[in-house]
Amino acid sequence: MTGIETALLADEPAILSDLMDYCRIASVSTDPAFAPEIARAADFVAEELRRAGFPVVERIETGGHPAVYAERCDVPGAPTVLVYGHYDVQPPDPLEAWASPPFEPTLLDDRLYARGVSDDKAPLLIAIKVAAAFARLRGGLPVNMKFLIEDEEETGSPHFAPTVARLRDRLACDVVLSADGAMWRADLPSVMVAGRGLVAFEVRLSGAGKDLHSGRHGGSAPNPIRALARMLAALHDDEGRVIVPGFAEGASAPDPAILEAIRHADFDAAAYFAGIGAALPDPLPDAETLLRRQWLEPTLEFNGISGGYGGAGTKTVIPSDARVKITCRLVAGQTPDRVARALEAELRRLTPTGYRLEFTRHGPGSAAFALDPADPALHLAEEVLGEVLGAAPLRVAMGATIPIPDVFRRELGVGTVFFSFSTADEDYHAPNEFFRLSSLRRGLVAWARLLDRLGGMPAAALRGKAGA
Ligand SMILES: [Zn+2]
């Protein structure tokens, strides 16, 4: 261990005390009632960055809650690292389900319980405290370092992409390290290298110009529910795979390391179905197939369907329209635009004569994220995680969508390496959120080591390796 690493571990009580102060701030972003707490959290983070020796620390207006930006770029030739994190938290409700009050951080069994401690207060504070230790003990950082800490992650980051676009020049860097994101499982070191994109649609199919009596008109009038059900049933094959022509156009082959991880992930297919309360399918797909489908294949899911009468009793009606909400998860290489075009074209082709189709897309959506398997910063991160966690991390993908890496790739042309020390089982977004203090210790050592190793690499070696 380096002197910095030893010093950070020795400093654990003070760091923990600051973390507890940070967790006492109820920085819930979605509810305007918490606005004063948001301001306090922004001040707290800014003050920590100033104490860590950052000469530039600013509040950035975004049109929503402000972001906090800091930079210290005084190491010529060394890489520039942009650290991403967020200082907002989810609402603590339901309060009665908490064993200790959500904004009174409580230590129990080497864990700290508080709303936001795992997502993302402890993982972010680790990065700041490591920078502070370098400043204090070595008089400077091993790399050029910038921080962009937003406050709207828990509300879908509505102002994030335009803010990054506007600050493109100031945010220029060689790699993004995300202090947000989580390890897949507590018992298995992993690094997340891919996540699916997302695009959302609403479809309305109309028949007659008004609702009709099903006795008087049944058998002769168009029934949009019947027609829509047939159309939707034609979008997947018997195994649930999307068969819309052009839907997967451009999709690229997954990182072979992820396929390797899937083979070694020890995933129990039967337990999966039991866990979601579903009957076991026959035949039961093997674990590899299931994980491939969760992580690496595109989806088209119907999220809600409506039309006609859904209330108590019966109503003899033929509705004038039927609607469905659809979201698609995209894999690397697919784009929201192409998927939208393919789906609309297929639905128009499937629309029977006598019906009208309205196809609406909700928002721009986001492309999938897939880090370049050869990214040098990823390799350094894996090396450090292997040393600190005691086993080489598996490269894993995620079925869900994190839009941040796509924004950084588009606007800054760089990849995002997830380097968070929270774990997916730490009940973030739920009552009794906690963070393991063992992860605090490992995180401090790992961040210090990673920054040191990045500092030993010429900036040019990292550049041009944008996440694909
Ligand atoms: Zn988060």
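Criteria and cut-off values
- Residues numbered from 1 in each chain as written.
- Predicted model: local features only at pLDDT ≥ 70, side-chain atom pairs only at ≥ 80, totals over all residues.
- Helix = DSSP H or I, 4+ residues; strand = E, 2+ residues; numbered from the N terminus.
- Rg over C-alpha atoms; globule rule 2.2 N^0.38 Å.
- Buried ≥ 20, exposed ≤ 12 C-beta atoms within 10 Å, placed from the backbone.
- Contact = placed C-beta atoms within 7 Å.
- Axes fitted to C-alpha atoms, helices over the stretch in contact; angles between N-to-C directions.
- Parallel < 35°, antiparallel > 145°, perpendicular 65-115°, else oblique.
- Left-handed = near helix turned anticlockwise from the far one by under 90°.
- Nonpolar A, V, L, I, M, F, W, Y, C, P; charged D, E, K, R; others polar.
- Core = buried A, V, L, I, M, F, W, Y, C linked by C-beta atoms within 7 Å.
- Domains from an automatic or database assignment.
- Pairing = 2+ DSSP bridges.
- Expected span 1.5 Å × (residues − 1).

J.: Got a minute to help me understand the overall build of the chain in this structure?
T.: Along the backbone of the chain there are 14 helices and 20 strands. Expected size for 468 residues packed as a compact globule is a radius of gyration near 23 Å; at 25 Å, the chain falls within 12% of this value. Along the longest, intermediate and shortest principal axes, the C-alpha atoms of the chain span 85 × 45 × 45 Å. Taken across its 468 residues, the chain has 45% of its residues classed as buried. Restricting to contacts in the chain with at least 6 residues of sequence separation, those with at least 24 account for 80%.

J.: Where do I start with the environment of Ala-39 in this structure?
T.: For Ala-39, the position within the fold is in helix H3 (residues 35–51). Between the C-alpha atoms of Ala-39 and His-65, which are 26 residues apart in sequence, the distance is 8.7 Å.

J.: Can you help me understand the packing of helix H4 (residues 117–138) against helix H13 (residues 437–455) in this one?
T.: The packing of two helices is summarised by the inter-axis angle and the distance between the axes. It is the contact of H4 with H13, at a shortest axis distance of 9 Å, that shows an interaxial angle of 50°. The orientation of H4 with respect to H13, classified from their angle, is oblique. Two packed elements cross with a definite hand, and for H4 against H13 that hand is right-handed. Judged by residue contacts, Ala-122, Pro-123, Ile-126, Ala-127, Lys-129, Val-130 and Ala-133 of H4 engage Leu-440, Gly-443, Leu-444, Trp-447, Ala-448 and Leu-451 from H13. Split into classes, the residues belonging to the contact of H4 with H13 amount to 11 nonpolar, one polar and one charged.

J.: Mind showing me how you'd approach the nonpolar core here?
T.: With 129 residues, the main nonpolar core has Ile-126, Val-130 and Ala-381 as its most contacted residues. Tallying contributions element by element places H4 first for this core, with 12 residues. No fewer than three residues from each of domain 1 (3–195 + 368–462) and domain 2 (197–267 + 293–365) sit in this core. The contact partners of Ile-126, leaving out residues within four places of it in the chain, are Ala-179, Phe-421, Leu-440, Gly-443, Leu-444 and Trp-447.

J.: It is not clear to me how the sheet that holds strand E16 (residues 369–370) should be interpreted in this structure. Could you clarify?
T.: In spatial order, the strands read E16-E9-E17; together these three strands make up an open sheet with mixed pairing. Two strands bound the open sheet, and with one partner strand each, they are E16 and strand E17 (394–398). In this structure, strand E9 (residues 190–195) lies alongside E17, joined through five bridges in parallel fashion. Bridging across to E17, Ala-194 finds its partner in Ala-397.

J.: Whenever I open this one, the domain arrangement of the chain confuses me. Can you help?
T.: Buried accessible area, meaning the area lost when the parts come together, often serves as the stated size of an interface. Segmentation of the chain into domains returns domain 1 (3–195 + 368–462) and domain 2 (197–267 + 293–365). Between the C-alpha centres of domain 1 and domain 2 the distance comes to 37 Å. Taken together, the contact pairs 13 residues of domain 1 with 16 residues of domain 2. Those elements that place two or more of their residues in the side of domain 1 that touches domain 2 are E9 and E17. At five residues, E17 tops the list of elements feeding residues into the side of domain 1 that touches domain 2.

J.: Just to check I follow, could you spell out H3 for this structure?
T.: Count 3.6 residues to each turn of an α-helix, and residues three or four apart come out pointing the same way. Here H3 is 17 residues long and its end C-alpha atoms lie 24 Å apart, about the 24 Å a rise of 1.5 Å per residue gives. Buried residues of H3: Ile-38, Ala-41, Ala-42, Phe-44, Val-45, Ala-46, Glu-48 and Leu-49, and no others. Buried-residue contacts for H3 involve helix H2 (12–23), strand E1 (56–60), strand E2 (67–72), H4 and strand E6 (144–150). Looking one or two residues past H3, Gly-53 carries a phi angle of roughly 90°, positive in sign.

J.: What's the story with unusual backbone geometry in this structure? I'm lost.
T.: One can expect most non-glycine residues to show negative phi and most peptide bonds to be in trans. Across the junction of Asp-119 and Asp-120, the peptide omega takes the value 15°, indicating a cis bond. In this fold, Asp-120 is placed in helix H4. Even without glycine at this site, Asp-427 takes up a positive phi of about 55°. Here Asp-427 shows up in the loop between strand E19 (422–423) and strand E20 (434–436). In this model, Asn-432 sits at a positive phi of 65°, which is unusual for a non-glycine residue.

J.: Sorry, what's going on with the pairing of strand E3 (residues 80–86) here?
T.: The two faces of a sheet get side chains in turn, since along a regular strand they alternate between them. Burial analysis of E3 places seven of its seven residues in the buried class, which makes it a mostly covered element. Sheet topology places E3 next to E6; seven bridges connect them, and they run parallel. If you follow Val-81 over to E6, its bridge partner there is Met-145. With four bridges connecting them, E3 and strand E7 (residues 175–178) associate as parallel partners. Residue Tyr-84 lies in a different strand from E7, and its bridge partner there is Ser-178.

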